[in-house]
Amino acid sequence: MTRHFDDLQLGSIELFCLAAETGSFTAAANAAGITPAAVSRTVARLEERLGVRLFVRTTRQMRLTEAGRGYFEQCRQALTQLVDAERAVSGSQSVASGRLRISVPTPYAHYRLFPLLPEFRRRFPQVQVDVHVSNRNIDFAGEGYDLAIRGRDPADSSLVARRLEVAENVVVATPDYLARAGTPQTPADLAAHECIQFELPSTGRRVPWTFRIDGAEVEIETSGSLTVLEDYLATATLAKCGGGLMQAYRFTVQQELERGELVEVLKDYGQTTRPFLLIYPHARHVPSRVRAFIEFMLEMRSTPA
């Protein structure tokens, strides 16, 4: 195998990643035990070798360029794999440590994952957790994520999917809205109602509502003048504010239903569900931090209400 890097070049890449993570040459220098000038010179040599600018530096701030951001994600992933390889060989892989990057949709993040993270950190204090809260699909390799939680099976056969829970869908509205607009008795009645819409970031398509009709699960396109992009939880917030009807996961509105702030409708057509899955790439050697999180989530996973 041809040698592409010497020790100095590998050290330069590590310092670059440290500067990118801390957002400061001074902070990177303090962490590495060298001077800020040494970090600056190292990054300058790296930029010269690559022929691109990695940082935009002003007197007030420092940020990665577009090329620098892409290079950083690839380098961080490569350095993490090197560390994991050493741990696997040395036997220290049994101690979970390092930075864990997870992508989670908004409802699962706020109602399921965030309440569990303090306990995960207590059990694995050497693992730092970055949570990307978004409903869009992510590129594991290109964006440097270790795991994702999603509400549908992945189309990519190279990914592993482990079920965390099956969430029930419910249609809800405030008592004031129902007093004003009437209570729908069948899914067909929704055509006369304000149905709050959510647009999928990955497709730009409005999410259809699902109902159980004559024993079969049926998707129905609804309409409304209020559409939410990106933040799924905002649809439930709009419903709580009297904006109309919304089909939401029961666990996101359970407290409001119990307090009478929201009312469930179309119960005879309910009981449709969607699974939440823990997704990660196939790998012969799963890093300790990833394995620890998988085992923790499978242990702590919720059961349907």
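Residues numbered from 1 in each chain as written. Predicted model: local features only at pLDDT ≥ 70, side-chain atom pairs only at ≥ 80, totals over all residues. Heavy atoms only, no water.

Considering all chains together, one arrives at 15 aromatic pairs under this definition. Ring plane angle 90° and centroid distance 6.4 Å describe the contact between Tyr108 and Phe251, whose orientation is recorded as edge-to-face. Taken together, the residues span a long stretch of sequence, with Tyr108 in helix α5 (residues 106–123) and Phe251 in helix α9 (residues 250–259) at a distance of 143 residues. Accessibility assignment for this pair places Tyr108 and Phe251 in one class, buried. Taking 5.5 Å as the distance between ring centres and 40° as the angle between the ring planes, the aromatic pair formed by Tyr232 and Tyr249 counts as tilted. Here Tyr232, found in the loop between β10 (227–229) and α8 (233–240), pairs with Tyr249, found in strand β11 (residues 246–249); they are 17 residues apart in sequence, far enough to count as distant. With a relative accessible area of 6%, Tyr249 lands in the buried category. Members of the aromatic cluster, joined through ring pairs, are Tyr108, Tyr111, Phe198, Tyr232, Tyr249, Phe251 and Phe276. (Phe/Tyr/Trp six-rings, centres within 6.5 Å; stacked < 30°, edge-to-face > 60°. Helix = DSSP H or I, 4+ residues; strand = E, 2+ residues; numbered from the N terminus. Buried < 20%, exposed > 50% of the residue type's maximum accessible area, 1.4 Å probe, protein only.)

Now for the pairing of strand β3 (residues 98–104). In terms of residue burial, β3 counts as a mostly covered element, since 5 of its 7 residues are buried. Pairing geometry for β3 and strand β4 (residues 127–133), over 7 bridges, is parallel. The residue of β4 that forms the bridge with Val104 is Val133. Remark: the β3/α5/β4 crossover connection has right-handed handedness. (Pairing = 2+ DSSP bridges. Right-handed = clockwise from strand over helix to strand, strands pointing away.)

As far as function goes, none of this settles anything; it's purely spatial.
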